[in-house]
Amino acid sequence: MFAAPGFPWLLRHELRVLWRSSILMRTHRHVILPVIIVGALFQTIGIVLGRQIAAHPIGQDEMLLAANINIVFLFALMFSRAISASIDVIYGRGDADFLLASPIPPGRVLAVRMLGVACSIAAPWVLLGGVLGNGLAVYGQFWGLCVYPMFFTEALLVAALAFALVVILLRFVSPQSTRRTGHTLALITGVGIFIIGQLPRFVPKAELGQFWFSLLPGPNGGGLAFIFARGLLGQPGALAASVAFALAGFCTVWFFLAKPFADGVITAAASRPRGRADAQNGKFRVSPFAASLAKDLRLLFRFPGIVTQIIYRSLTLVPVALILAGHFHMGGMGNGMAATVPLLVFLAGQLGLFFISVLAGCETIPELALTAPVPASTPQRAALAASAYATIFILAAPAIAVLARAPGLLPPLIIGTAGVLFCNLLLGQKMPIPLVRAQFGKTSTGTVLGLILGVSVSSVWSFIIWVAVAPHPLAWLISNHS
Amino acid sequence: MDGVNSRVMSETVPNVASSDVALSVRGLSKSFGRKVVENLDLTINPGEFYALLGPNGAGKTTSLRMIAGLIRPDAGTISVYGRDVLTDPLAAKSIMAWIPDEPLLYDKLSPLEYLEFIAGLWRVEPKLARERANELLETLGLWPHRHERCEGFSRGMKQKTVLAGALIHEPKFLLLDEPLTGLDAASSRLVKDLLLAETQKGAAIILTTHILEVAERLATRIGILSGGTLLAEGDLASLKTQAGLEHGSLEDVFLHLTHSDAHGRPTSPMRNTAA
């Protein structure tokens, strides 16, 4: 169908590899049913949301602003992964070397890989956004289906920008520093978005109203700043312009930066990063468990982007801090101290799931422990202990701050933390969340199902603890609606 | 040829498994849809350097993985210094070390940290482990890199780090699957000397390799495996004699034996003919 070794032929090959390593193809038969159930559940929620949006339409300007915030938020989330993926495309060894060593022009190989990065960073958001898009379409709002092309379009642009940044940074700093820079940039964007979300707590209502008003498109329609948002809301001209803009950006980066880079570097092996030195005092231990625990903690804290990921997940601590600082006011909740425990329990669940998933992904050589004279459960127990330790380490300070103000919350905090950690650590060990950097054509250790189930477990435990500690668990809801 | 093989086997394979024997494998079979290893018998004595040769897909790695306790055989027994690998795996593993063809390393650990982990798994006394780690890192030329993460290492350096890990607990029995792949000439010589020193200290080694020169120079006995079946076994001289290639090289013997097998000519296992 496609002549070898042309661009479409190579792209088809890469897409086939991606598909075969995707969750749908890798998922074990007995996991298919839960996947279908969770998918159907999400789609049901999407339909309910779609109905609400269709039944209560808001103004066009407000819709545009919401769509734009969505675009910017997604940009931050995609960017971090795109940076790591771009570095892996250049430095990842194996089939990249194989392709770059073939008579296919290196620029073409890199272009296909860039497209692959775009596909891999877009896929989870397209699946998630598609749920809402489908829900809207059910109620006749067919513009909702524009999430499909628009999220891919955005991913194309993000992949191009990430490649551009990586290629430029690599001229000055090491791959590790480049990766760190990318994570930091993504973190700043993400935290910035979060802070905007917290503005109602600090800025007086009138001034806040002015702020949001200033972000609205206004009488001139907002110009180019809202072009992607308009595309997302289904305006055909804006959709076409967004796609054209993203394609132009992609081709420009490829032609002026990526292609010359590929032609110059040739193979990943030629630019292998130098090993990094770590301070280590060589504490030999006689216990296999202690040795495994020490190894796991090292692997955990050396995981690329660990700080960024912890900060993202620890945003749950912001409302806790606000409650402790007395900035939290919600009807029927008093000083809000009761809300801190469910928040901390949720955070414990999310951190535990993340840490155990990192360790599951880092366990590249399980055979080693299997040839050692230790029970097969030792490495698993060490991984669980390391994840729990790291979680409790991060939770310690906020937990102490909360307990200093309300010592009576200690029992629910202990029960909730222990319960959520027990569930999520075991879940994460069997079904880690996808954390391995988006490597096109490479198998990731995690599954989206693990992520969905893990968040659900954290939410359920958080809710149980909320019901247990709150004097009137639904008072805030009733109060807000009254 | 069947007669030849039967004589070699009958001369070299004792029928008892005791703690005086480093490795005793009897009737080992494994199938993954097709037979990969079939009715394999092997005996290796302490201090012996045994090379297991065979073409790709002959069953060498599967055999080694079964001995290391990584794959459960369909049939047969495996005993290391009298310790049954199948019924008492921890006891057997405590005196074994396995080096696979692909270096088993955590990229984010330094060689010293890696050795620390291995020493912990094998419960080596900390003071002894530190001394042994320092000695191995020095010997293998890794001392200047002991604090660097392995992610930046060449394949050869990774291979040497893995070897250091295998030797830190002073195993009595070493299983080496292509251990010299990726090593330069100097490193290769260093590793060979190190392995020979281990055998002189009494350790037994079984090694698979495609570099026949390594087997020719190091091994006290050589086994040739093809299609999961041991075709011939013995020292180099006896293999040449048995193959009727007194003036040939090990390569000639190897090709002669495996070539005939590849073309479907009768190369039935020696034990069958012996029986």
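Conventions used here
- Residues numbered from 1 in each chain as written.
- Chains lettered and ligands numbered in written order.
- Predicted model: local features only at pLDDT ≥ 70, side-chain atom pairs only at ≥ 80, totals over all residues.
- Heavy atoms only, no water.
- Helix = DSSP H or I, 4+ residues; strand = E, 2+ residues; numbered from the N terminus.
- Buried < 20%, exposed > 50% of the residue type's maximum accessible area, 1.4 Å probe, protein only.
- Contact = heavy atoms within 4.5 Å.
- Areas by Shrake-Rupley, 256 points an atom, 1.4 Å probe, with all protein chains shown as cover.
- Buried area = accessible area lost by both parts, 1.4 Å probe.
- Salt bridge = Lys/Arg side-chain N within 4 Å of Asp/Glu carboxyl O.
- Pairing = 2+ DSSP bridges.
- pLDDT = per-residue confidence, 0-100.
- Axes fitted to C-alpha atoms, helices over the stretch in contact; angles between N-to-C directions.
- Phe/Tyr/Trp six-rings, centres within 6.5 Å; stacked < 30°, edge-to-face > 60°.
- Lys NZ or Arg CZ within 6 Å of the ring centre and 35° of its normal.
- Parallel < 35°, antiparallel > 145°, perpendicular 65-115°, else oblique.
- Left-handed = near helix turned anticlockwise from the far one by under 90°.
- Nonpolar A, V, L, I, M, F, W, Y, C, P; charged D, E, K, R; others polar.
- Patch = residues over 30% accessible without salt bridge, like charges linked within 9 Å, V, L, I, M, F, W, Y side chains within 5 Å.
- Expected span 1.5 Å × (residues − 1).
- Arc of directions from axis to C-beta.

## Comments concerning the overall build of chain B
Scanning chain B from terminus to terminus reveals eleven helices and ten strands. Counting every position in chain B, which comprises 275 residues, the buried fraction comes to 59%. Taking as baseline every contact in chain B between residues at least 6 positions apart, the subset at least 24 positions apart corresponds to 71%. A total of about 10,500 Å² of accessible surface is found on chain B, and carbon and sulfur atoms cover 50% of it.

## Observations concerning the interface of chain A and chain B
Contact residues are listed per partner, giving 38 residues for chain A and 39 residues for chain B. Summing the contributions of chain A and of chain B, the shared interface buries around 3,600 Å²; its carbon and sulfur component is 62%. On inspection of chain A and its partner chain B, the count reaches four salt bridges. The shortest N-O distance in the salt bridge between Glu113 of chain B and Arg302 of chain A comes to 2.7 Å.

## Digging into the pattern of salt bridges
For the structure on display, the rule yields 18 salt bridges over all chains. A salt bridge links Lys295 of chain A to Asp296 of chain A, with the shortest nitrogen-to-oxygen separation between them at 3.0 Å. Like Asp296 of chain A, Lys295 of chain A is buried. Note that Glu233 of chain B and Arg221 of chain B form a salt bridge whose closest N and O atoms lie 3.6 Å from each other. Note that Glu233 of chain B is positioned in strand 10 (residues 229-234) and Arg221 of chain B in strand 9 (residues 221-226), a separation of twelve residues in sequence. Bridged by salt links that share partners, the residues Arg132, Glu135, Glu170, Glu198 and Lys201 of chain B form one connected network.

## What about the pairing of strand 6 (residues 96-99) of chain B?
The side chains of a regular strand alternate between both faces of the sheet. Residue and element names in this part refer to chain B. Across the two faces of strand 6 the burial is the same, with Met96 and Trp98 and Ala97 and Ile99 all buried. Direction of pairing for strand 6 relative to strand 7 (residues 173-177): parallel, over a ladder of four bridges. From the neighbouring strand, Ile99 faces strand 7, where its bridge partner is Leu176.

## Looking at the confidence of the model for chain B
Residues and elements named next belong to chain B. Averaged over every residue, the pLDDT of chain B is 83; the share at 70 or more is 87%. Counting contacts from residues 1-17, a segment whose pLDDT is below 50, to residues more than four positions away or on other chains yields 37 contacts. Here the complex is predicted with pTM 0.69, and the ipTM for its interfaces comes to 0.72.

## As for the sheet that holds strand 5 (residues 83-84) of chain B
Residues and elements named next belong to chain B. The strand order across the open sheet formed by four strands is 2-1-4-5, and the pairing between neighbours is antiparallel. Both edges of this open sheet fall to strand 2 (34-44) and strand 5, since each of them pairs with a single strand only. Sheet topology note: the strand 1 (residues 23-32)/strand 2 ladder contains seven bridges and is antiparallel. Pairing of Leu28 across the sheet is with Leu40, part of strand 2. Seen against the sheet, helix 2 (residues 60-67) touches strand 1, strand 2 and strand 4 (75-80) and runs at an angle of roughly 120° to strand 1.

## Regarding the packing of aromatic side chains
Per the stated rule, a full pass over the model turns up seven aromatic pairs over all chains. With centroids separated by 6.5 Å and ring planes inclined at 50°, the aromatic side chains of Trp254 of chain A and Phe255 of chain A adopt a geometry described as tilted. The class for Phe255 of chain A is partly exposed, based on a relative accessible area of 48%. The interplanar angle of 75° and the centroid separation of 5.8 Å between the aromatic rings of Tyr106 of chain B and Phe117 of chain B together place this pair among those described as edge-to-face. Here Tyr106 of chain B, found in the loop between strand 6 and helix 4 (111-121), pairs with Phe117 of chain B, found in helix 4; they are eleven residues apart in sequence, far enough to count as distant. Considered together, Tyr106 of chain B and Phe117 of chain B belong to a single accessibility category, that of buried residues. Members of the aromatic cluster, joined through ring pairs, are Trp254, Phe255 and Phe256 of chain A. The side chain of Arg146 of chain B reaches across the aromatic face of Trp143 of chain B, ending 3.8 Å from its centre.

## Topic: the confidence of the model for chain A
Residues and elements named next belong to chain A. When pLDDT is averaged along chain A, the result is 81, and 82% of the positions lie at 70 or above. Here residues 266-273 scores under 50 on pLDDT; set against residues more than four positions off or in separate chains, the count is 22 contacts. Across residues 437-443, confidence stays below pLDDT 50; counting only partners more than four residues off in sequence or on other chains, it has 23 contacts.

## Some remarks on unusual backbone geometry
Residue Tyr81 of chain B is not a glycine yet carries a positive backbone phi of 50°. Relative to the helices and strands, Tyr81 of chain B is located in the loop between strand 4 and strand 5.

## Some words on the packing of helix 15 (residues 337-362) of chain A against helix 17 (residues 377-405) of chain A
Residue and element names in this part refer to chain A. For the pair helix 15 and helix 17, the least separation of the axes is 8 Å and the interaxial angle reads 160°. Of the possible angle classes, the one that applies to helix 15 and helix 17 is roughly antiparallel. Like other packed secondary-structure pairs, helix 15 and helix 17 cross with a definite hand, here right-handed. Two secondary-structure elements touch here, helix 15 through Met337, Thr340, Leu344, Leu347, Ala348, Leu351, Gly352, Phe355, Ile356 and Leu359 and helix 17 through Ala383, Leu384, Ala386, Ser387, Ala390, Thr391, Ile394, Leu395, Pro398, Ala399, Val402 and Arg405. For the contact of helix 15 with helix 17, the residue count by class is 17 nonpolar, four polar and one charged.

## Overview of the sheet that holds strand 3 (residues 49-53) of chain B
Residues and elements named next belong to chain B. Read from one edge to the other, the open sheet built from six strands follows the order 6-7-8-3-9-10, with strand pairing classed as mixed. Edge positions in the open sheet fall to strand 6 and strand 10, since each of these has one partner strand only. Direction aside, the axes of adjacent strands within the sheet are offset by 15° on average. Sheet strands in contact with helix 6 (residues 155-167) are strand 6 and strand 7, and its direction is about 170° off that of strand 6.

## Observations regarding the pairing of strand 3 of chain B
Residues and elements named next belong to chain B. For strand 3, a buried count of five out of five residues is recorded, marking the element as mostly surrounded by other parts of the structure. When strand 3 meets strand 8 (residues 204-208), the two strands line up parallel, connected through four bridges. When the sheet's bridge partners are listed, Ala51 is paired in strand 8 with Leu207. The pairing of strand 3 with strand 9 spans four bridges and is parallel. Residue pairing in the sheet places Leu52 in a bridge with Gly223 of strand 9.

## Section: a nonpolar patch on the surface
Residue and element names in this part refer to chain A. Taken together, the side chains of Leu41, Ile45, Leu49, Ile53 and Leu132 make up a nonpolar region of the molecular surface, amounting to roughly 410 Å² of accessible area. With four residues, helix 3 (residues 29-55) is the largest single contributor of residues to the nonpolar patch. Within the secondary structure layout, Leu49 lies in helix 3.

## Details of helix 5 (residues 126-139) of chain B
All names here are of chain B. With 14 residues, helix 5 ought to run about 20 Å at 1.5 Å a step, and its terminal C-alpha atoms sit 20 Å apart, in line with that. Of all the residues in helix 5, the buried ones are Ala129, Arg132, Ala133, Leu136 and Leu137. Taken down its axis, helix 5 places every buried residue within 130° of arc, on the same side. Tucked into the core, helix 5 has its buried residues touching helix 4, helix 6 and helix 7 (185-200).

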